[in-house]
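These are the residues of each chain, in order.
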Amino acid sequence: MAKEEEKDWKENTVPAITELFMKNGIKSMTMDDIARELSVSKKTLYKFVDNKHDLVKQCAIHRECQHIEHVEAIMSKNLNAIDEMYAITDFVINMLLEIHPSIFYDLEKYYPEAFKSFNEFKGEFISKCIVENINKGIKEELYRNDANPQLIGYFYSNLIDAVLQSQHSKDCNEAIPRVQVEAFRYHMRGIASEKGFQYLKKIKTQLLPENNDKQ
């Protein structure tokens, strides 16, 4: 396989297929559908993947890399801990608004390798970001000085699970972005110091267009 072909696959084709999955769901998109949408033959697709499971895993890894780049860019802006957490949450909510609601269910039920990759990403990178954010907030006196960064990182990782699973719960009728808003508030209220709480009341954090109520 020519290096140019492989580069084009990674830089152009995988992102294009990832967007197809995000828009239409994973299970509903067959290899024939993907080939037709990209105006290529299935034979061309199978030059780069063994099967659809392999393709989904490559797309999941691509999406994770995108998220890492975006979150790291936010964390490099030297924002205070609360504004940083707000910016990351805003990014996550906008991402959730753009994807098909079946994505996470499809991953968990039909594509275990890709789902495992997602869980590793969530357990390692996201927890690491939360730990760094907690430590920053403690230094800035915006978070409780007795907060346990590692434990809260673990809690937050599990909180994400609850957010994603909410769409399949008969006890929850809210869309995932709305659930994420409440998760953000729940998280921030639990770790904010008095100084942080006053800052939360002062700023206007509008995470959803219709979300104009109080913090």
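A quick note: this is a predicted structure, and the numbers were derived from the prediction, not measured.

*Asks:* Looking at this model, I keep getting lost on the overall build of the chain. Mind explaining?
*Replies:* Scanning the chain for helices and strands turns up ten helices and zero strands. N-terminal to C-terminal, the α/β element order of the chain is α-α-α-α-α-α-α-α-α-α. Each principal axis of the C-alpha atoms in the chain carries an extent, and together these give about 60 × 40 × 30 Å. The 215 residues of the chain split such that 46% are buried. Within the chain, counting contacts between residues at least 6 apart in sequence, those at least 24 apart form 70% of the total. Put simply, the chain shows about 12,300 Å² of open surface, and 51% of that area lies on carbon and sulfur atoms. Each charge class in the chain was averaged separately, 29 positive and 34 negative side chains, and the resulting centres sit 2 Å apart.

*Asks:* Looking at this structure, how should I read helix α5 (residues 81-97)?
*Replies:* Given 3.6 residues per helical turn, the α-helix brings residues three or four places apart onto the same face. With 17 residues, α5 extends 24 Å between its outermost C-alpha atoms, agreeing within 8% with the 24 Å of an ideal straight helix rising 1.5 Å per residue. Listed as buried for α5 are A81, I82, E84, M85, Y86, I88, T89, F91, I93, M95 and L96. Close packing links the buried residues of α5 with α4 (52-75), α6 (103-110), α7 (112-139), α8 (149-165), α9 (176-191) and α10 (194-202). Sitting at the amino-terminal end of α5 is N80, which places a side-chain oxygen 3.0 Å from the backbone nitrogen of I82.

*Asks:* What am I meant to see in the environment of F121 here?
*Replies:* Examined against the element boundaries, F121 turns out to sit in helix α7. For F121, a relative accessible area of 9% gives the class buried. Residues F121 and C65, 56 residues apart in the sequence, show an inter-C-alpha distance of 9.6 Å. With residues near it in sequence (within four places) discarded, F121 still touches E64, H67, I68 and I126.

*Asks:* I tried to follow the pattern of salt bridges on my own but got confused; where do I start?
*Replies:* Once their charged atoms are close, side chains differing in charge can pair, the charge on each being opposite to the other. Here the structure, examined in full by the defined rule, presents ten salt bridges. Among the salt bridges present, the one from D32 reaches K42, with a minimum N-O distance of 3.4 Å. Note that D32 is positioned in helix α2 (residues 31-38) and K42 in helix α3 (residues 42-45), a separation of ten residues in sequence. Taking relative accessible area as the criterion, D32 reaches 42% and is therefore assigned partly exposed. The exposure class assigned to K42 is partly exposed, which follows from its relative accessible area of 33%.

*Asks:* Is there a simple way to think about the packing of aromatic side chains in this case?
*Replies:* Within a pair of aromatic rings, the relevant descriptors are the distance that separates the centres and the angle that separates the planes. Enumeration according to the criterion identifies six aromatic pairs in this entry. A centroid spacing of 4.5 Å and a plane angle of 5° characterise the contact between W9 and F48, whose relative ring orientation is stacked. Separated by 39 residues along the polypeptide, W9 in helix α1 (residues 3-24) and F48 in the loop between α3 and α4 bring together distant segments of the chain. Each of the two residues, W9 as well as F48, counts as buried. Between F115 and F118 the ring centres are 6.3 Å apart and the planes differ by 35°, which places this aromatic pair in the tilted class. Of the two residues, F115 and F118 are both situated in helix α7; the distance of three residues between them amounts to about one turn of the helix. Take F118: its relative accessible area is 13%, and that puts it in the buried class. Joined through ring pairs, the aromatic side chains of F104, F115 and F118 make up one cluster.

*Asks:* So what exactly am I meant to see when it comes to the packing of α8 against α9 here?
*Replies:* Packed helix pairs are characterised by how far apart their axes lie and by the angle those axes make with each other. Where α8 meets α9, the axes come as close as 9 Å, and the angle between the chain directions of the two elements is 160°. If you check the angle between α8 and α9, you find them roughly antiparallel. Like other packed secondary-structure pairs, α8 and α9 cross with a definite hand, here right-handed. Counting all contacts with α8, which are made through I152, Y156, L159, V163 and L164, the residues of α9 involved are I176, V179, Q180, A183, Y186, H187 and I191. Taken together, the residues of the contact of α8 with α9 break down into ten nonpolar, two polar and no charged.

*Asks:* What's the story with the environment of A147 in this structure? I'm lost.
*Replies:* Inspection of the secondary structure assignment puts A147 in the loop between α7 and α8. Under the relative-accessibility criterion, A147 is labelled buried at 8%. Once residues within four sequence positions are removed from consideration, A147 is found in contact with I134, I138 and I152.

Criteria and cut-off values
Residues numbered from 1 in each chain as written. Predicted model: local features only at pLDDT ≥ 70, side-chain atom pairs only at ≥ 80, totals over all residues. Heavy atoms only, no water. Helix = DSSP H or I, 4+ residues; strand = E, 2+ residues; numbered from the N terminus. Buried < 20%, exposed > 50% of the residue type's maximum accessible area, 1.4 Å probe, protein only. Contact = heavy atoms within 4.5 Å. Areas by Shrake-Rupley, 256 points an atom, 1.4 Å probe, with all protein chains shown as cover. Lys, Arg positive; Asp, Glu negative; His and termini not counted. Charge placed at Lys NZ, Arg CZ, Asp CG, Glu CD. Expected span 1.5 Å × (residues − 1). Polar contact = N/O pair within 3.5 Å; in protein donor to acceptor, adjacent residues only side chain to side chain. Salt bridge = Lys/Arg side-chain N within 4 Å of Asp/Glu carboxyl O. Phe/Tyr/Trp six-rings, centres within 6.5 Å; stacked < 30°, edge-to-face > 60°. Axes fitted to C-alpha atoms, helices over the stretch in contact; angles between N-to-C directions. Parallel < 35°, antiparallel > 145°, perpendicular 65-115°, else oblique. Left-handed = near helix turned anticlockwise from the far one by under 90°. Nonpolar A, V, L, I, M, F, W, Y, C, P; charged D, E, K, R; others polar.

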